Structure formats: structure tokens, C-alpha cells
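Coordinate analysis (summary)
Read off the chains here:
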Amino acid sequence: MPEVTEIRRQVGSLVSGRTHEPPVELPIGDRKPEQLPPAKAREIAVMLIEAAEAAEQDAFLFSWAREKLDCDDGQAARLVGELRAWREKREAGDEH
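We now turn to the structure provided with this report. All values reported here derive from a predicted model rather than from experimental measurement. (Residues numbered from 1 in each chain as written. Predicted model: local features only at pLDDT ≥ 70, side-chain atom pairs only at ≥ 80, totals over all residues. Heavy atoms only, no water.)

1. Remarks on the packing of helix H1 (residues 38-68) against helix H2 (residues 73-91)
Their axes nearest at 9 Å, the elements H1 and H2 cross at an angle of 145°. You can see that H1 and H2 cross each other, and the crossing is right-handed. Contacts between H1 and H2 involve Ala-54, Gln-57, Asp-58, Leu-61, Phe-62, Ala-65 and Arg-66 from the first element and Asp-73, Ala-76, Ala-77, Leu-79, Val-80, Leu-83, Arg-84 and Arg-87 from the second. Residues that form the contact of H1 with H2 fall into these classes: nine nonpolar, one polar and five charged. (Axes fitted to C-alpha atoms, helices over the stretch in contact; angles between N-to-C directions. Helix = DSSP H or I, 4+ residues; strand = E, 2+ residues; numbered from the N terminus. Left-handed = near helix turned anticlockwise from the far one by under 90°. Contact = heavy atoms within 4.5 Å. Nonpolar A, V, L, I, M, F, W, Y, C, P; charged D, E, K, R; others polar.)

This is how it looks when you write it as C-alpha cells:
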């Protein structure tokens, strides 16, 4: 897996001296920190948590299919693909 750009732990809150708005500052690597409205910062946080959960579930299902069902990598990957498709349908509101 390629090295991920470091996200410094100094994510912080601000009050803009110019606009008096409350941005959230998100420093990533050496770039200028992103300033996000609180609602957008919350939206991104939820997306990150959901993606982390999905990644762990996918890894579990892949390993479980290989170990317990004696699937090869291709079969396990197809099973994970089915789970991902189910998730997407569910997120779109089609739970069938």
C-alpha cells in the first residue's frame, strides 16, 4: 500500500477575523491548510468513519471466505464485490 500523506493532528477550529465565520482548519502534508465550514467537516468525518468501517468489513469477509469457505482470491474478491454492491444499493435507498 502506498504511503499516505501525513495528516497532522492539529486539526482545529477558528473564527475568521475577516468574516467572523467558524471554519475548521484541516492541515494535510505541506500544503496550505484547508478551511472548511463545520457542516462540511462533519460530512467528511462521517464519510471517513464509514469508509474505515467498510474497509475493515471487506478485509474480514475476504479473509473469512479464504479461510472458512476455501475460496481462492478471485472468489473472495467477487464475494466482497457483492457486499459492496449491496452497500451501494442500500445507501441509495433500494434495500432489496
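2. Structural notes on the sheet that holds strand E3 (residues 34-36)
With antiparallel pairing, the three strands of this open sheet are ordered in space as E1-E2-E3. Bordering the open sheet on either side are strand E1 (12-13) and E3, each of which pairs with just one other strand. In this structure, strand E2 (residues 24-26) lies alongside E3, joined through three bridges in antiparallel fashion. Opposite Leu-26, over in E3, you have Glu-34 as the bridge partner. Set on the sheet, H1 makes contact with E2 and E3; between it and E3 the angle comes to about 105°. (Pairing = 2+ DSSP bridges.)

3. What to know about the side chain of Arg-87
Structurally, the position occupied by Arg-87 is in helix H2. Judged by its relative accessible area of 13%, Arg-87 is buried. Within polar-contact distance, the side chain of Arg-87 engages the backbone oxygen of Ala-54 at 3.4 Å. A distance of 3.1 Å separates the side chain of Arg-87 from the side chain of Gln-57, its partner in a polar contact. Filtering out sequence-adjacent residues up to four positions away, Arg-87 remains in contact with Ala-54, Gln-57 and Asp-58. (Buried < 20%, exposed > 50% of the residue type's maximum accessible area, 1.4 Å probe, protein only. Polar contact = N/O pair within 3.5 Å; in protein donor to acceptor, adjacent residues only side chain to side chain.)

4. Notes on the pattern of salt bridges
Tallied over the entire structure, the rule returns four salt bridges. Residue Glu-43 pairs with Lys-40 through a salt bridge whose shortest N-O separation is 3.3 Å. Of this pair, Glu-43 and Lys-40 are both found in helix H1, three residues apart, which corresponds to roughly one turn of the helix. The structure contains a network of salt bridges with shared partners spanning Asp-58, Arg-84 and Arg-87. (Salt bridge = Lys/Arg side-chain N within 4 Å of Asp/Glu carboxyl O.)

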